[in-house]
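# Report on the structure
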Amino acid sequence: RVILIWGSNSIASNLHFWTFAQQAKRAGAKLIAIDPRRTETAEKCHQHVALLPGTDGALALGLMHELVVHDWLEHDYIERHVD
């Protein structure tokens, strides 16, 4: 339902992924770009979060906190693939 494109100008550097992101967008997924720069990819997303350089660690920790607090985790995946 949501695809975060974090620190990547996928249109310029990962066109294979961008093709899948566009398919997901047409199917109703929301695309969010997290990047201090307003890239071509950010322009084509539903939302652009322009963090100050060096603050993405704080955002990552905040997102992890919310995932744990609300139990929005894929426990089966974590059990099988995370050490």
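Scroll up to find the structure this text is about.
Residues numbered from 1 in each chain as written. Predicted model: local features only at pLDDT ≥ 70, side-chain atom pairs only at ≥ 80, totals over all residues. Heavy atoms only, no water.

## Brief notes about the overall build of the protein
This is how the line gets drawn: What counts as a helix is a DSSP run of H or I of at least four residues, what counts as a strand is a run of E of at least two, and both are numbered from the N terminus. Buried means the residue's accessible area, taken with a 1.4 Å probe over protein chains only, is under 20% of the maximum for its type, while exposed means over 50%, and partly exposed covers the values in between.
Counting secondary structure elements, the protein contains five helices and three strands. Taken from the N to the C terminus, the helices and strands of the protein come in the order β-α-α-β-α-β-α-α. Taken along its principal axes, the extent of the C-alpha atoms in the protein is 35 × 30 × 20 Å. Buried residues in the protein amount to 22% of all 83 residues.

## Some thoughts on the layout of surface pockets
Applied cut-off: Definitions used for this entry: grid spacing 1 Å over protein atoms alone; cavity, a set of points where a 1.4 Å probe fits but cannot get out; pocket, an open set with protein on both sides within 12 Å along at least 5 of 7 lines; lining residue, one with an atom within 4 Å of a point. Grid points are joined across faces, edges and corners, and a volume is the space filled by probe spheres set on the points.
For the largest pocket, the calculated volume is near 160 Å³. Forming the boundary of the largest pocket are Val2, Leu4, Ile32, Leu63, Glu66, Leu67 and Trp72. When residues of the lining of the largest pocket are traced back to their parent elements, those giving at least two are strand 1 (2-6) and helix 4 (56-69). Tallying contributions element by element places helix 4 first for the lining of the largest pocket, with three residues.

## Examining the sheet that holds strand 2 (residues 30-34)
Just so we agree on the cut-off: Two strands are counted as paired when DSSP detects at least two bridges linking them. All axes are obtained by fitting lines to C-alpha atoms, using only the stretch in contact for helices, and the reported angles, taken between N-to-C directions, cover 0 to 180 degrees. Only heavy atoms enter the contact rule, under which two residues are in contact if any of them lie within 4.5 Å.
Here three strands make up an open sheet; going across it, the order is 1-2-3 and the pairing parallel. A strand with exactly one partner marks an edge of an open sheet, and here the two such strands are strand 1 and strand 3 (47-49). Here the strands of the sheet are splayed against their neighbours by 20 degrees on average, with no regard to which way each runs. Two strands pair when backbone bridges link them, and strand 1 and strand 2 are joined in this way by five bridges, in the parallel orientation. Following the sheet pairing, Trp6 is matched in strand 2 by Ile34. Sheet contacts for helix 2 (residues 15-26): strand 1 and strand 2; angle to strand 1, the most-contacted strand, approximately 150 degrees. Sheet contacts for helix 4: strand 1 and strand 2; angle to strand 1, the most-contacted strand, approximately 155 degrees.

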